[in-house]
Amino acid sequence: MSTSDTATLLTQLRTILDLTNTEIQIAETRVAQARTEAVRRELLENAENARGRAEAIDAAIRDLGGIPELIGPFLGRAAAAVKTVVEQAQPFDEALLGDLALEHQLLDRARYIKALATTAGRKDIENLAFRLITAHQATVDWLTTVLAEDALGGPAALRRTPLQAATGTAVRLINVPVSWSARGLDRALDTVRTTPPSLEELLSRGAHAGDVAVKTLTASRDAALETAERVSRQQGAEGVADALRSVRTGTSTGVPESDELPIEDFDELNVSQAVAAVKELTDPADVRAIVAYEEANKNRHGVVSAAQTRLAAIAKEVAGIS
């Protein structure tokens with residue numbers, strides 16, 4: 001193995017060690033956002049596994065005659081701390097995309113290290129690289145699934161922080177069709193918040209207003225959303241009505257009634273029966289309704305986790321993850 005080969009491998013291993021230290025800190029900060037206990041345990045396990053990988057990378061550097069950067073872990077913690085603060089001013093999806101970018105860089109560098117180790121005849125480092133590739137590919141798939149869950153309307157495996165939720169709402173309002181002036185939008189919001197019945201008059205002007213309703217009613221009372229849904233159906237806008245129902249029964253805006261649930265006699269089911277029924281759901285809106293109702297009533301962790309797992313399976317299918 002030439003000096004040049006050794007130097008290249010050392011450079012890449014040191015870089016991937018620094019990035020892994022950042023990954024560890026990010027995994028630990030995400031624990032507080034875990035929606036379920038199962039997700040929390042998974043994140044803690046991921047952080048511990050990342051520490052194991054960092055130790056293996058450190059050992060490989062020493063075996064090549066290099067000395068790991070002593071301040072690497074400290075830089076990793078500092079980088080993660082800065083990233084966490086910055087993310088508080090970002091929408092939820094942008095924060096996740098940032099995590100995904102980090103994992104893609106780790107994955108690509110691990111593949112590069114594997115190629116370098118193969119060329120240099122270093123089977124030990126080649127095996128280490130394969131371990132890194134497997135781990136980072138799994139994390140890429142997981143983050144992609146969480147993004148798909150969010151795109152489907154949730155509930156995602158990670159909860160938004162309060163500031164991320166507020167930022168996301170602001171971004172959605174910015175993207176409201178330009179045909180609605182800021183003053184007109186403010187009037188619509190005020191109307192919804194203060195006098196839900198008058199929403200009927202607002203929507204009766206045309207079913208096309210439902211598109212704006214879906215984007216702007218997330219902070220309104222269930223009564224307003226129910227009125228919007230009823231009027232939309234009267235206008236023959238079934239798609240709009242379905243979207244409004246999805247918003248109304250979602251976890252972020254309200255709780256459906258027991259007779260609105262997609263699982264018949266849900267209140268009478270024990271945990272095992274409820275979990276089995278949840279596994280048969282195919283519509284993300286139905287899963288959201290179950291999560292919202294369950295969290296507001298019995299809050300059985302097994303049922304909530306089963307619903308989260310079911311949504312993850314749907315999200316993987318949508319994202320093309322096998």
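Residues numbered from 1 in each chain as written. Predicted model: local features only at pLDDT ≥ 70, side-chain atom pairs only at ≥ 80, totals over all residues. Heavy atoms only, no water.

The next point concerns the packing of helix α13 (residues 284-296) against helix α14 (residues 301-319). Between two packed helices, what matters for the description is the angle formed by their axes and the separation of those axes. Between α13 and α14, the shortest axis-to-axis distance is 10 Å and the interhelical angle comes to 160 degrees. On the basis of the axis angle, α13 is roughly antiparallel to α14. Relative to α14, the crossing made by α13 is left-handed. Listed contacts from α14 to Pro284, Val287, Val291, Glu294 and Glu295 of α13 are Val303, Val304, Ala307, Arg310, Leu311 and Ile314. (Axes fitted to C-alpha atoms, helices over the stretch in contact; angles between N-to-C directions. Helix = DSSP H or I, 4+ residues; strand = E, 2+ residues; numbered from the N terminus. Parallel < 35°, antiparallel > 145°, perpendicular 65-115°, else oblique. Left-handed = near helix turned anticlockwise from the far one by under 90°. Contact = heavy atoms within 4.5 Å.)

Further remarks concern the pattern of salt bridges. Overall, the coordinates contain 14 salt bridges when judged by the stated rule. Close ionic contact of Glu126 with Lys123 constitutes a salt bridge, the shortest N to O distance being 3.9 Å. One end of the pair is Glu126 and the other is Lys123, both in helix α5 (residues 123-151) and three residues apart, which spans about a single turn. Exposure remark for Lys123: the relative accessible area of 52% places this residue in the exposed category. Each of the salt bridges in this network shares a partner with another, and the network as a whole consists of Glu28, Glu48 and Arg51. (Salt bridge = Lys/Arg side-chain N within 4 Å of Asp/Glu carboxyl O. Buried < 20%, exposed > 50% of the residue type's maximum accessible area, 1.4 Å probe, protein only.)

The subject of this paragraph is the nonpolar core. By size, the foremost hydrophobic cluster in this structure holds 41 residues, and its most contacted members are Leu13, Ile57 and Trp142. Contributing elements (two or more residues each) for this core: α1 (3-30), α2 (37-63), α4 (92-120) and α5. With near-sequence residues (within four places) excluded, Leu13 lies in contact with Ile57, Ala60, Ile61, Leu64, Ile113, Ile125 and Leu128. With 19 residues, the next largest nonpolar core counts Ala277, Tyr293, Val303 and Ala306 among its residues. (Core = buried A, V, L, I, M, F, W, Y, C linked by side-chain atoms within 4.5 Å.)

So, about α4. Taking 1.5 Å of rise per residue, the 29 residues of α4 would be expected to cover 42 Å, and the 42 Å separating its terminal C-alpha atoms lies within 8% of that figure. A positive phi of about 70 degrees marks Gly121, the residue just after α4. (Expected span 1.5 Å × (residues − 1).)

So, about a negative patch on the surface. The grouping of Glu264, Asp265, Asp267 and Glu268 at the surface amounts to a negative patch. Turning to its location among the elements, Asp265 is positioned in the loop between α11 (238-249) and α12 (271-278). (Patch = residues over 30% accessible without salt bridge, like charges linked within 9 Å, V, L, I, M, F, W, Y side chains within 5 Å. Areas by Shrake-Rupley, 256 points an atom, 1.4 Å probe, with all protein chains shown as cover. Lys, Arg positive; Asp, Glu negative; His and termini not counted. Charge placed at Lys NZ, Arg CZ, Asp CG, Glu CD.)

Relative to the assigned elements, Arg53 resides in helix α2. Setting aside residues no more than four positions away along its own chain, Arg53 makes contact with Glu23, Arg131, Leu132, Ala135 and His136.

Before going further, it helps to spend a moment on the environment of Trp142. Following the sequence through the fold, Trp142 ends up in helix α5. Sequence separation between Trp142 and Ala312 is 170 residues; the distance between their C-alpha atoms is 9.1 Å. For Trp142, the contacting residues outside a window of four places in its chain are Val39, Glu42, Leu43, Ala157 and Leu158.

A word on the packing of α4 against α5. Relative orientation of the contacting elements α4 and α5 amounts to 160 degrees, with a least axis distance of 8 Å. It follows from the interaxial angle that α4 and α5 lie roughly antiparallel. Two packed elements cross with a definite hand, and for α4 against α5 that hand is left-handed. Looking at the contact of α4 with α5 residue by residue, the classes come out as 18 nonpolar, six polar and seven charged. (Nonpolar A, V, L, I, M, F, W, Y, C, P; charged D, E, K, R; others polar.)

Interpretation note: all reported values are geometric properties and have no functional meaning in isolation.
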